[in-house]
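Overview (structure and organization)
These are the residues of each chain, in order.
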Amino acid sequence: MQKMLGEAYPYVINVCPENEITEIRIRVGKRIEIKTRRGRFFTRFSANGEYIENLIRRVTNGSKYAYEDQLSQGYVDYSDGIRIGVAGDGWVKNGKIIYRKIYSLCIRIPHIIEVSAEPVRKILDKFDNTLLVSPPGDGKTTLLRCMAEKLSEKSDLLIIDERSEICGRGLTFYRGTRCDVIQGVPKEYAFETAIRTMSPQIVVCDELFGEKDFFAVKTLIGAGIKVAATFHSDGVIPDILNELFYYKVFLSSKPTPGSIKSIVCGTAATGDGEKCLY
């Protein structure tokens, strides 16, 4: 983290220890904001355009061109599982976003947790298709990562890690026993590979978004493969996902990210109505 943040690093760790940080927000002309499980805090360091450009230069090893595909999707995949979201002034060329200037960075710092909630352990013991639901930053990927590790102790499991958020670049968080990983490949293509070549019993993936992802998951489940995935929402789920996933786990950032608000189970497809497990 020190290499990534450069001259801002002392200001950041003056606010809180490095191991407590879950997210860092850097905005041009604004003080750097730190998010932890205890809340949000501001440093005394204000970022300017030059600082942001230098940070991007450091995390891309001096070659933005080499990271062009990632930047066009709004992020940079850094070391130790860190992902850096970007926003700024750009245009679209050949279907890709090209940024002239980057004005904002959202640095996500992954953490490992242990599953301790009794309802989640019940899901793992008798696993069926499971969707983790919450707004961004409420711990979905962290919980998904831990569930994948536990599920792979008993089943052949394939992680489709499109943006290297689950396992981290270079498989920083690769802890599964019977676990394979497809990384950096769009889900719609990776799902097809999963069915044809890897023969997984369970597929794990992050951030379902749009009809292509929904249809791909439907195809997997139709082929007899169980799925664990995440979905950004404040609680409303599309009908197709309600039908596909037996368990819907709703998370909250209060009192800490990853806190379980409720778990709803059952679908019309299973022949039983929905009921609350937690």
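These remarks concern the structure in this document. Values in this document were obtained by computation on a predicted structure and should not be read as measured data.

Observations regarding the pattern of salt bridges
Considering all chains together, one arrives at 16 salt bridges under this definition. Here Glu23 ties to Arg108 by a salt bridge, and the two come within 3.8 Å at their closest N and O atoms. Pair noted here: Glu23 is in strand 1 (residues 21-27) and Arg108 is in strand 6 (residues 96-108), with a separation of 85 residues, a long-range link. Accessibility expressed as a relative area gives 24% for Arg108, which makes it partly exposed. The structure contains a network of salt bridges with shared partners spanning Glu23, Arg25, Arg27, Glu33, Arg40 and Arg108.

Overview of the sheet that holds strand 4 (residues 75-77)
The strand order 3-2-1-6-5-4 describes an open sheet built from 6 strands, whose pairing is antiparallel. Only two strands of the sheet have a single neighbouring strand rather than two, namely strand 3 (39-46) and strand 4. Each strand of the sheet is rotated relative to its neighbour by a mean of 30 degrees, with strand direction disregarded. Bridge count between strand 2 (residues 31-36) and strand 3: 5 bridges; the pairing is antiparallel. Its bridge partner being in strand 3, Glu33 is matched across the sheet by Phe42. The strands that helix 3 (residues 49-59) touches are strand 1, strand 2, strand 3, strand 4, strand 5 (83-93) and strand 6; relative to strand 6, the one it contacts most, it runs at about 90 degrees.

Structural notes on helix 5 (residues 118-125)
Turning to helix 5, its buried residues number three or more, namely Pro119, Val120, Ile123 and Leu124. Buried residues of helix 5, viewed axially, fall in a sector of 145 degrees; they line one side. The inward-facing, buried residues of helix 5 abut strand 7 (130-134), helix 6 (140-151), strand 12 (247-252) and strand 13 (259-265).

A closer look at helix 3
When we look at burial in helix 3, the residues that qualify are Tyr51, Ile52, Glu53, Leu55, Ile56 and Val59. With a side-chain oxygen lying 3.3 Å from the backbone nitrogen of Glu50, the N-terminal cap of helix 3 falls on Asn48. Directly beyond the C-terminal end of helix 3, a positive phi value near 55 degrees is found at Asn61.

Brief notes about the packing of helix 7 (residues 187-198) against helix 8 (residues 210-222)
At a closest axis distance of 9 Å, the pairing of helix 7 and helix 8 adopts a crossing angle of 10 degrees. As summarised for this structure, helix 7 and helix 8 are arranged roughly parallel, according to the angle between their axes. Touching Lys187, Glu188, Phe191, Ala194 and Ile195 of helix 7 are Lys212, Asp213, Ala216, Val217, Thr219 and Leu220, all from helix 8.

Considering the layout of surface pockets
Approximately 700 Å³ is the volume attributed to the largest pocket. As for the largest pocket, its lining consists of 25 residues, and the residues nearest its centre are Gln73, Glu162, Arg163, Lys187 and Asp213. Only helix 4 (68-72), strand 4, strand 8 (157-161), helix 7, helix 8 and strand 11 (226-232) provide two or more residues apiece to the lining of the largest pocket. Class assignment for the residues of the lining of the largest pocket results in 7 nonpolar, 6 polar and 12 charged. By volume, the second largest pocket amounts to about 220 Å³. The set of elements that each furnish at least two residues to the lining of the second largest pocket consists of helix 5 and helix 6. Of the residues forming the lining of the second largest pocket, the biggest block, 3 residues, is contributed by helix 5. Among the residues making up the lining of the second largest pocket, the classes are represented as 5 nonpolar, 1 polar and 5 charged.

Here we look at unusual backbone geometry
Unlike most non-glycine residues, Asn61 shows phi in positive territory, near 55 degrees. Relative to the assigned elements, Asn61 resides in the loop between helix 3 and helix 4. According to the relative accessible area criterion, Asn61 is exposed, its value standing at 58%. Although it is not a glycine, Ser199 sits at a positive phi angle of roughly 50 degrees. If you trace the backbone, Ser199 turns up in the loop between helix 7 and strand 10 (202-205). Judged by its relative accessible area of 55%, Ser199 is exposed.

Cut-offs and rules
- Position numbers for residues count from 1 along each chain, tracking the sequence in the order it is written.
- In view of the model being predicted, local features appear only for residues whose pLDDT reaches at least 70, and side-chain atom pairs are presented and counted only at 80 or more, with totals across whole chains, interfaces and linings using the full set of residues.
- Computation of side-chain values: all heavy atoms of the structure, hydrogens and water removed.
- Put simply, a salt bridge is a Lys or Arg side-chain nitrogen that is within 4 Å of an Asp or Glu carboxyl oxygen.
- Secondary structure elements are taken from DSSP: a helix is a run of H or I of four residues or more, a strand is a run of E of two residues or more, and numbering for both begins at the N terminus.
- A 1.4 Å probe rolled over the protein chains alone gives each residue an accessible area, and that area as a share of the maximum for its type sets the label: buried under 20%, exposed over 50%, partly exposed in between.
- If DSSP finds at least two bridges between two strands, the strands pair.
- Note on method: axes are straight lines fitted to C-alpha atoms, helices fitted across the in-contact stretch only, with angles between N-to-C directions ranging 0 to 180 degrees.
- Contacts: residue pairs with any heavy atoms within 4.5 Å of one another.
- Throughout, the arc means that of the directions going from the helix axis to the C-beta atoms.
- In protein, a polar contact requires one atom able to donate a hydrogen and another able to accept it; more generally it is a pair of N or O atoms within 3.5 Å, and residues adjacent in sequence count only if both atoms are side-chain atoms.
- These descriptions rest on fixed angle ranges, namely under 35 degrees for roughly parallel, over 145 for roughly antiparallel, 65 to 115 for roughly perpendicular, and the rest for oblique.
- In this analysis, the protein atoms alone were mapped onto a 1 Å grid. Cavities are point sets where a 1.4 Å probe fits without being able to get out; pockets are open sets with protein on both sides within 12 Å along at least five of seven lines; lining residues have an atom within 4 Å of a point.
- Grid points are joined across faces, edges and corners, and a volume is the space filled by probe spheres set on the points.
- Any residue outside Ala, Val, Leu, Ile, Met, Phe, Trp, Tyr, Cys, Pro, Asp, Glu, Lys and Arg is labelled polar, Gly included; the first ten of those are nonpolar and the last four are charged.

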